[in-house]
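# Geometric and topological summary
Chain by chain, the residues:
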Amino acid sequence: MPPAPASICLLRLSALGDVTHVVPLVRTLRAAWPEVALTWVIGKGEHRLLEGLEGVAFVEYDKKSGLAGMRALRRQLRARGGRADVLLQMQVAARANLLSAFIPARVRVGYDRARAKDGHGLFVNRRIPDRPGIHVLDAIGSFCEPLGLRQQQVRWDLPVPVEAREWAAAQWPADGVPVLMISPCSSHVRRNWLADRYAAVADHAASRGWRVVLCGGRSQLERDTADAIIAAMAAPVLDLVGKDTLKQLPALLERADLVMTPDSGPMHIANAMGSKVLGLHAASNPARSGPYSDRRYCVDRYDAAARRYLGKPAAELKWGTKIEHDGVMELVTVDDAIAAFERYRADHPA
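One structure accompanies this document, and this report is about it. (Residues numbered from 1 in each chain as written. Predicted model: local features only at pLDDT ≥ 70, side-chain atom pairs only at ≥ 80, totals over all residues. Heavy atoms only, no water.)

### Things to note about the overall build of the chain
From N to C terminus, the chain includes 13 helices and 12 strands. Radius of gyration (C-alpha) of the chain: 21 Å, near the 20 Å computed for a compact globule of 350 residues. With the C-alpha coordinates aligned to their principal axes, the bounding extent of the chain is approximately 60 × 50 × 40 Å. In the chain, the proportion of contacts linking residues at least 24 apart, taken out of those at least 6 apart, comes to 62%. Across the chain, the mean location of the 47 positive side-chain charges is 8 Å away from that of the 38 negative side-chain charges. (Helix = DSSP H or I, 4+ residues; strand = E, 2+ residues; numbered from the N terminus. Rg over C-alpha atoms; globule rule 2.2 N^0.38 Å. Contact = heavy atoms within 4.5 Å. Lys, Arg positive; Asp, Glu negative; His and termini not counted. Charge placed at Lys NZ, Arg CZ, Asp CG, Glu CD.)

Laid out in structure tokens, this is it:
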């Protein structure tokens, strides 16, 4: 075992799916070095999701606070003990790169040159290995390698309070009826599927005896999308859009047998909670950013999108290329999603 640093600071502000990917790295660090002081600089909403994660001191940074917020963060970190032995700089956006300059650390670990951008290399002095073709979670997990560790196990155990599970349990009876939960919206609008197509798959599931549940946040987009799905459906649906908190969301997703969603935060939270995911992919590559544990029930139209919008097969694209073009998700058909649903049913007979 390599010698333990006294303190490690993690910098990953957003988004919900990405911070979920960081949790196994936290587990790896704590398993190797139980006494190490871990501080995580994180966004406000992401902190709400992960609040209570044992062995981690969270420090929030508000992206709207600009340089004043960065200076305040530096003062806060100094009050907590000053310079960290190690900074894991796991976000390459320009704001995060600049913010990292306000975090004093001796060793500053960042991305390899292929994935670095916006001046990322100016703020780090060690880099993770360049391994194209791996999942985002594995790339994040490799941040322990410059410290002499390897992430051998992927474990989440997200901090879900008892009262959150009690709330989720109260939303529908535990009567043995399988549940298709639909989380229809990503924060990237061009990754979102069409409401009438969600409705068609939901009606198909209901015709097979499934309960259909809608979930989502409080944005107007999510409310409008849910309303359009409900209006297009013939079968009844339980509408929980805007009714849960970020602490209740993992407990809610945990109760689903199958979660249908585009590439989104709820996709990765559902996977972390052990639920199977019917992922809808055309704008992004499921091999890179799909549900980490099991992609058997995903729809993959990424190659078709590459050929239509970029004029080449997906195999010839740079790893991580996103194809967020208008209309790209129309490549995912109702038949595609119903076929994925039926694959799940075949593997999990009642």
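The discussion continues.
### Examining the layout of surface pockets
Space inside the second largest pocket adds up to approximately 250 Å³. If you trace the second largest pocket, you find 18 residues lining it, with Gly176, Val177, Pro178, Trp210 and Asp257 closest to the centre. Within the lining of the second largest pocket, the residues separate by chemical class into 10 nonpolar, three polar and five charged. (1 Å grid on protein atoms, 1.4 Å probe; cavity = no way out; pocket = protein on both sides within 12 Å on 5 of 7 lines; lining within 4 Å. Points joined across faces, edges and corners; volume = space filled by probe spheres on them. Nonpolar A, V, L, I, M, F, W, Y, C, P; charged D, E, K, R; others polar.)

### Concerning the state of the cysteines
This structure, assessed with the given rule, holds zero disulfides. The cysteine Cys9 is free of any disulfide, with Cys144 supplying the nearest cysteine sulfur at 16 Å. For Cys144, a relative accessible area of 0% translates into the label buried. (Disulfide = S-S within 2.5 Å. Buried < 20%, exposed > 50% of the residue type's maximum accessible area, 1.4 Å probe, protein only.)

### Digging into the pattern of salt bridges
Applying the stated criterion to the full structure yields 20 salt bridges. Between Glu145 and Arg131 there is a salt bridge whose closest N-O contact spans 2.8 Å. On the criterion of sequence distance, the pair formed by Glu145 in the loop between α5 (136-141) and α6 (162-169) and Arg131 in the loop between β6 (126-127) and α5 is long-range, its members being 14 residues apart. With relative accessibility at 28%, the residue Arg131 sits in the partly exposed group. Within the structure, one salt-bridge network assembled from shared partners comprises Lys276, Asp294, Arg296 and Asp347. (Salt bridge = Lys/Arg side-chain N within 4 Å of Asp/Glu carboxyl O.)

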